[in-house]
Amino acid sequence: MKELKLLYEGNSKIIYGCDVDGHVVIRFKDDATAFYNIKRAIIENKGKMNCRISSMVLGYLNSHGVATHFVEQLNDTDQLCRCAKHMAFEVIVRNVIAGSMAKRLGLDEGLTPENVIFDLCLKSDELGDPLINDHHAVALGLATYDELATIYAISAKINTLLCELFDKAGISLVDFKIEFGRTAVGDLILVDEFTPDTCRLWDKATGERMDKDRFRRDLGHVRETYEEVASRLANILKK
Ligand code: UDP
């Protein structure tokens, strides 16, 4: 890989242009932020662990028929990924009630609803990523109804595949946030990351939090927990 050209630096990742046509290099950082940057810290080794975890998860999805932007892990912190224009909303998939949904609706964390819940949130730090619905997304020109139907179907498949994978690792997949993008030829693919920064993972044996809530809620052992998630996944996937 020749010299990389900085395209964008976010809170947890840096995107570089590279010499592979139609591809970018994504570098995972040790920076942790929460509550729209009010809480910040550097967590040693987080970049490496998140790169490893996201590479394993997106590689697993690729090999199970879910198209993602992930091509290969290049080194400890970097991935080669396909370019895609990111859609301006996030999809949140919830198997167990937690976090903002528990708060907003006055529900106890840990309740398991009858059905899987899908939320859409507009990506806007200024507005606090507000919850939107399909009609908002279409009216705002973010997606068509057909694209939304495809996105829900892919999200449901991702959920089924990942619940099974994490279950084998002794972890309950409580909820997660994913993003989609359109490639140059218009294909919808999964983009961004799948890491303990973007999902909730509860240890099945102890109920211990194994995700970013350890940082958000000052539960300690953030680094060790991310390392444990990486090691359990590697064990299952024989990586
Ligand atoms: N999430 C995320 N980025 C966001 C918002 C949420 O990765 O901008 C993830 C979060 O880590 C959790 C899930 O999406 O796994 C649901 O988050 P929730 O709506 O409960 O919000 P939070 O409790 O994080 O405020």
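We now turn to the structure provided with this report. Sequence positions are assigned chain by chain, starting from 1 and proceeding in written order. pLDDT decides what is reported in this predicted model: residues at 70 or higher carry local features, side-chain atom pairs at 80 or more are listed and counted, and totals for whole chains, interfaces and linings draw on all residues regardless. Hydrogens and water are ignored here; the side-chain numbers use all heavy atoms of the structure.

**Notes on the site of the ligand**
For this description, a residue counts as near a given molecule or strand if any of its non-hydrogen atoms is within 4 Å of it. Close to the ligand lie 14 residues; Arg94, Ser100, Asp175, Arg200 and Arg216 are nearest. N or O atoms within 3.5 Å of each other form a polar contact, as long as, within protein, one can give a hydrogen and the other can take it, and as long as residues adjacent in sequence are counted only when both atoms are side-chain atoms. Taking Glu90, its side chain carries an N or O atom lying 3.5 Å from an oxygen atom of the ligand. Between an oxygen atom of the ligand and a side-chain N or O atom of Arg216, the distance comes to 2.8 Å. Only DSSP runs of H or I reaching four residues or more are called helices, and only runs of E reaching two or more are called strands; each is numbered from the N terminus. It is strand S8 (residues 85-94) that contributes the most residues to the shell around the ligand, 3 residues altogether. The residue makeup of the shell around the ligand, split by class, is 3 nonpolar, 3 polar and 8 charged. Residues are sorted three ways: Asp, Glu, Lys and Arg are charged, Ala, Val, Leu, Ile, Met, Phe, Trp, Tyr, Cys and Pro are nonpolar, and all the rest, Gly among them, are polar.

**Looking at the packing of helix H1 (residues 46-63) against helix H4 (residues 145-168)**
Helix axes use the C-alpha atoms of the stretch in contact, all axes being lines fitted to C-alpha atoms, and the angles between their N-to-C directions lie in the range 0 to 180 degrees. With their axes 11 Å apart at the nearest point, H1 and H4 run at an angle of 125° to one another. Considering their axes alone, H1 and H4 lie oblique with respect to each other. H4 is crossed by H1, and the crossing has right-handed handedness. Contacts between H1 and H4 involve Val57, Tyr60 and Leu61 on the former and, on the latter, Ile158, Leu161, Leu162, Glu164, Leu165 and Phe166. When grouped by side-chain class, the residues that make up the contact of H1 with H4 number 8 nonpolar, no polar and 1 charged. Roughly parallel covers angles under 35 degrees, roughly antiparallel covers those over 145, roughly perpendicular covers 65 to 115, and oblique covers all other angles. Here is the rule for handedness: rotate from the far helix to the near one, and if that takes an anticlockwise turn smaller than a right angle the crossing is left-handed, while a clockwise turn gives right-handed. When checking whether two residues touch, look at their non-hydrogen atoms; a contact exists if any pair is within 4.5 Å.

**Observations regarding H4**
Since the α-helix turns once every 3.6 residues, residues separated by three or four places project in the same direction. Expected span of a helix, by definition, is 1.5 Å for each gap between consecutive residues, and there is one gap fewer than residues. In this model, H4 (24 residues) spans 35 Å end to end at C-alpha, consistent with the 34 Å of a helix rising 1.5 Å per residue. The rule is simple: take the accessible area with a 1.4 Å probe, protein chains only, and divide by the maximum for that residue type; under 20% is buried, over 50% is exposed, in between is partly exposed. The set of residues buried in H4 consists of Glu147, Leu148, Ile151, Tyr152, Ser155, Ile158, Asn159, Leu161, Leu162, Leu165 and Phe166. Just past H4, the residue Gly170 takes up positive phi, approximately 75°.

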